[in-house]
Structure formats: C-alpha cells, structure tokens
Amino acid sequence: MPRIRQARLAVAVTATLLIVGPLAWLWQDSLLPQAYSIMSMGYADRGGGADGGHDGHGGHGGHDVTALVADRDRPADVSLTLTARQERFRLASGRTVDGYTLNGGSPGPTITARAGQLVQVRLVNDNVRDGITLHWHGVDVPNAEDGVAGVTQDAVRPGGEFVYRFVAPAPGTFWYHSHQVSHEQVARGLFGALMVLPPEPPATDVVALTHLYDGVRTINGDSGDLHAAAAPGTVARVRLINSDNGPTSAWVAGAPFRLVAVDGTDVHGPTPVSDASVLVTAGGRADLEIAMPDSGAPVRVQIGGALSVVLGAGEPPRVAQPAKALDPLGYGAPAPLAFDPGAADRVFRYEIGRRPGFVNGRPGMYWTINGHLYPDVPMYTVAEGDVVRMTIVNASSEVHPMHLHGHHAVVLSRNGVRATGSPWWFDSLNVGDGERYEIAFVADNPGIWADHCHNLKHAADGLVAHLMYEGYTTPFVLGAKTGNSPE
Amino acid sequence: MRTVYKVLAYIVAAEVIVQAMMIAWAVAGLGLWVDGGGVFDKSVMESEQVPFTEVAGIIVHGLNGGLVIPVLALLLLISSFFAKVPGGIKFGALVFALVAVQTTLGYAGHGLPVAGLLHGGNALVLFATALYTARRVGRATAEPSAEPARDQVAAQG
C-alpha cells in the first residue's frame, strides 16, 4: 500500500513537471538581455541574395550608421527648435490631457518646407524622464537622422538635445513623432505635422492631423470641427494624417474629391470620386483635393464619424459613410516605374501570425513574424542598389499598418490581383486580416531601418523587424539597462 | 489538495460568470456612449485611453480570458494529479481543454465572427463542466466504493 502511494505521488510529480518544465524553459528563453544590439537580434534573411562577404548581421566592422547624415557644411534653409515637456496640458478645445508637449502644445508645430530645402530641427528634452527622439515618418532621411532610439541614436535624456538635419523631399504630407517608448509617447502627444509645399500651393491648403487624446477624437488638437475658408470655384487641399493606432476613414459630402497623394507621393492621374470613402491607415496620409462648387455651397470632409473639416461658409449636413471604399489598387492612371520589380535581387516574406507564448518573460497572445516571436525575427539583409520584393501576409486575425522606415515601396498586387492604377507608393500599408500584398522597392538608402507595425502597441509587443544593409553597423544598443526602448 | 482542486474548479466556474458580466456591461456602456454621440472605431478600439467607463469590461474580459483563466485551469489540472479524486484528472483535463477551446475561439473571433458565436455557447459548457467538476468531489469521495475507485485512478495515472 505505501508503495502504491509512493508510485502514485511519483507519477503526479512527473506529470506536473512535464507541464511546468517546458513552460519554465519557454519563459526563461524569452527573457531579453539587459543590453543588446539590434544586429545580434534574430536571424539573417538574405532573400536569396549572395552573402556580402563581411557579415553585416552580428558582425563587426563596416560603416558606422552615424556617418549617414545630410551634408554637414550646408546651411539650413528651415531651422527650428522643438522643446519637449512631460506635463498636463490643455488642448485647443479646453480639455486637459496628461501627456507630452512640443513647444508647449500638442500636436507640435507644423513644419513647412519646400522641396530641396535643408530642414534643421534641434530637439531639446526639458523633462521627459524616459527620454525622447524624433522620427520623420515618411521622409526617407539619411539613417543617422531616423530617430529610432537604440538603433540610429541614443534617446535624448532630460536636459539633453539632438539636432536632426535632412533635405526636404518632393512635395507631400508627412509627420514626425517620438520613436522612444513610442506606444506611450505618440499616444500622449509627442508628434506633429510636416508638409513640403508644391511650387504653387492651392488657394486653400489645410492640414488635418487626427488623433485620439484619452479616447477623444481631435483634428489638430481640437475636438471640434475645423473650419477653413474656401472661395467658390477654387481648389482646396486637405492633408489627412492619422497618428493613431488604427485606421480611420474619411469621406466628402457636397462635392466630388480627388485623392491626389498617398503617403507623401502624388497619385498619377487621379479622377473625381463621389461615392466612396478613403481609408487612412495608422501612420498614413491621404491628400484630398476638392474643387469648391461655384454655387458657394460648403463642403464637409468627414473624418471618422465624429469630426469634419468644413470648407467654405455654413454648416453642410453630415452624411453616412459610403458603403464603398476607394481602392488605390485600381485608382488613377498607370505610369512606368523607375525600376523593374521583375528583376528582384532579394525576395522576402513578412508573414504575420499570432500565437500564445512569452515575450521578455510576459505570457500572452503575441504576434509572430514568419512563425517566430520577438526577438527571434528575420533581419532582412540587402546590399545597396538591390531591387527588393517582399510578400506581406497577414494571418493574425487583426489588421496591421505596416511601416518601413527610410524607403517608399510600391504595391504590385493584393491577394494575387495586380495593381492597375497609378503606382501606389506607400510607407504605411494597411494589411487586413487574410490579405497578401506583393510590394517592391529599391534599396537606395543605406543603414539599418525598422520595418514594423504602426499599431504601436503591436510594435511594443514585438511586431518589429529590420531591414539591414550589408556592411553597415550601429554602435547603439537597446534593452532595459540602456535607456533605449524604441517601441 | 482535494480542497484546492475543488476550490479551483469553483473559481473557474465563477470566472465564467465574471466574463459574461464584463462583456455585457461593456456592450451596454458602448451603446449608451454611442447614443450620446460617441463614435467607436478601430482607433478607439486600439486606444488604451478609455472613452467610457464600461470599456473596462472589455479589458477585464481580455485579461481574465487571455491569462487568468488559462492559468487557473492549468493549476486545476496539476492539482488533479495530487487530489486523489476518482475521475478527477479526467474532469481537470476536460475543463482545461474547454478553456483552451474557449480562448482559441475568443481570439479567432477577431477575424472570424462565427467563432464568437461558438465562444458564447462554449462558455456555458465550460461553466457547467467546471461546476460539476467541483460538486462531484464530495460525492465521489463519499461513495462507499471510494477506496477501489482511487486505486483505479492511480492505475490510470
């Protein structure tokens, strides 16, 4: 009888160990080092390209990314200082928010430049404890100006400063935001708009940066409608910027519109649209142009269900969201690309899934990249000048706004359907559940670039990979001990 | 250990009640908020900044269902190895399996709404099973044939 009891106990203990043992192993295996280099992270994916000889992944030597800057001797054409503070502040509409400001407000000042001008921004951290950076979302800046803490620079500590310099790209709509503890700092105010004006701007040119503060939707920090004067018969441009973690839709009542630019790149041959909404993905931009009716009737651009930009005098009625959404895949007129996506040097796959597991010791349902949890994710490795094709697949049950730093990519097809409209260049792509996008770009901006989900909570949970150029290294490290936490 | 097993099973059943209450509370709060002019979209859904109090129901539902209940079910299963309840391992494993199914259906529902339909039904199956698992502890051990039954479990184990 005691022997039976002992045997029973032994079996029970063994069964327990069989369950707890693997869990404990997975837990300890997921713990991140206190300090680590992005270059040692995950595994190199060369996309079928040749090994460049010197191993850029985890290797030493090579060009330091800190040397990748704009012309140091060139004087700045547009120069300003942005001072960040962590404080309780008042929105334009009077509501108070516990968050972050730039030059005393949120959003920070709209930076305006002309194509080719050298923009110089001095970022000063007054008192933000976790440190800050600025990332120029959609601007293909030199790598050292990209503002990713622990990858292209150290986070700017309280009392410190950092100077960003870059040449303004072709006219378009962009934005800037912190890339240090970004899921917290962006949600709570550390961002602003950046626009590069065309040689002859339209009569009415409005930035409409939409953001949720404490769950309250705002346009340019105001929870009321934005009214803009627009004379009958003139053209008005509305630059929609979505700084949130989820996509939002916009639609126009009172006149047809044209979608003239996506993510800071002009659409070729945009045609008038009157019965469809435009989806602006998280981090994405969409520029609408509206020919104001000769009758003098006002036009309403609705952003989500809550707020509008009202062009002209009066209060046009609200309308329900159109059943159809404008599909950029077939919108506008085709135009030749400056490169041949068919002759790709590298072919990558970025498949997003979801499964239970541990990330840095925390259990949960986590996003995977090609089946792996962070940090065991691919390091997409390219050489300068490569033509790169990438298949982005989302099999994770939720939408992901995928954002590649330092490059614009073009959509070739979605779910096997080829793009037939204007070349659809993007830096932020709304990849819905079950969707598969083929994209292509030219690796023409060397450095180490984040390629992540711009639902910044997802990025913080590990939905972040990197694009690395062979022969480049970063001296910066991230991890709990380093004070650098880019997501 | 038998008490631990029994209490854990009761807690799992109680947690199912909490889950149902939380999600119904959140949906009611959402309805009222929209009625007052609020707009619920993906950005609000992804925002951790709470536009209405009852959204806490969704957060609690997610934490409970994604972490707390699976851990409780795992502990129930482990306690069953030691509890010497006749048939206890079988029911511990059944509750654990139902929790696994429930969690999977819950997450799958984000992309496949019909999984949400089954999630609602499976919740009641899980509740009934967890409750039965707890209540049969006393009965199973009070039976006169308790001793041989326990040996059988050992042989199975």
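Residues numbered from 1 in each chain as written. Chains lettered and ligands numbered in written order. Predicted model: local features only at pLDDT ≥ 70, side-chain atom pairs only at ≥ 80, totals over all residues.

(A) Spatial organisation of unusual backbone geometry. All names here are of chain A. In this structure, P107 follows S106 across a cis peptide bond, with omega equal to -5°. A cis geometry characterises the amide bond from Y374 onward to P375, with omega recorded as 5°. Structurally, P375 can be placed in the loop between strand 24 (362–369) and strand 25 (378–382). Positive phi values are uncommon outside glycine, yet D214 reaches one of about 50°. Note on placement: D214 falls in the loop between strand 11 (204–213) and strand 12 (216–219). Although it is not a glycine, D263 adopts a positive phi angle of roughly 50°. By the secondary structure assignment, D263 is in the loop between strand 16 (257–262) and strand 17 (265–266). (Helix = DSSP H or I, 4+ residues; strand = E, 2+ residues; numbered from the N terminus.)

(B) Molecular detail of the nonpolar core. Counting 125 residues, the largest nonpolar core has A208(A) and L288(A) as its most contacted members. Not counting residues within four places of it along the chain, the set of residues in contact with A208(A) comprises I219(A), N220(A), L226(A), V238(A), R239(A), L240(A), I241(A), I303(A) and V309(A). Listed in part, the 27 residues of the second largest apolar core include V12(B), V16(B), L98(B) and L126(B). (Core = buried A, V, L, I, M, F, W, Y, C linked by C-beta atoms within 7 Å. Buried ≥ 20, exposed ≤ 12 C-beta atoms within 10 Å, placed from the backbone. Contact = placed C-beta atoms within 7 Å.)

(C) Layout of the sheet that holds strand 25 of chain A. Residues and elements named next belong to chain A. The 6 strands are arranged 1-25-34-33-27-31 in an open sheet whose pairing can be described as mixed. Either end of the sheet is taken by a strand with one partner, and the two such strands are strand 1 (43–45) and strand 31 (428–431). Taken pair by pair, the neighbouring strands of this sheet meet at an average axis angle of 25°, ignoring direction. Bridge count for strand 1 against strand 25 is 3 bridges, and the pairing is parallel. Paired with D45 across the two strands is Y380, which belongs to strand 25. (Pairing = 2+ DSSP bridges. Axes fitted to C-alpha atoms, helices over the stretch in contact; angles between N-to-C directions.)

(D) Molecular detail of the packing of helix 3 (residues 56–83) of chain B against helix 4 (residues 88–108) of chain B. All names here are of chain B. The contact between helix 3 and helix 4 brings their axes to 8 Å, and the two run at 165°. Comparing their axes, helix 4 and helix 3 come out roughly antiparallel. Where helix 3 crosses over helix 4, the two elements pack in a sense that is left-handed. Listed contacts from helix 4 to G65, G66, I69, P70, A73, L74, L76, L77, S80, F81 and A83 of helix 3 are G88, I89, G92, A93, V95, F96, V99, T103 and G106. Residue classes in the contact of helix 3 with helix 4 are distributed as 13 nonpolar, 7 polar and no charged. (Parallel < 35°, antiparallel > 145°, perpendicular 65-115°, else oblique. Left-handed = near helix turned anticlockwise from the far one by under 90°. Nonpolar A, V, L, I, M, F, W, Y, C, P; charged D, E, K, R; others polar.)

(E) View of the interface of chain B and chain A. Across the boundary between the two partners, chain B contributes 23 residues, which contact 30 residues of chain A. Examining the composition of the side of chain B that touches chain A, we find that 6 residues originate from one element, helix 3 of chain B, more than from any other.

(F) Summary view of the confidence of the model for chain B. Residues and elements named next belong to chain B. Of all residues in chain B, 88% have pLDDT values of 70 or greater, and the mean over the chain is 88. No element of chain B has a lower mean pLDDT than helix 6 (residues 146–156), at 45, and none a higher one than helix 4, at 97. Long-range and interchain partners of residues 145–157, a stretch whose pLDDT sits below 50, account for 14 contacts in this model, where long-range means more than four residues apart. The ipTM, which scores confidence in the relative placement of chains, is 0.82 for this predicted complex, and the corresponding pTM is 0.92. (pLDDT = per-residue confidence, 0-100.)

(G) Region of interest: the environment of H211(A). Residues and elements named next belong to chain A. Looking at where H211 falls in the secondary structure, it is placed in strand 11. The sequence separation of H211 and E435 amounts to 224 residues, and the corresponding C-alpha distance is 26 Å. Aside from chain neighbours lying at most four places away, what touches H211 is P107, T218, S243 and D244.

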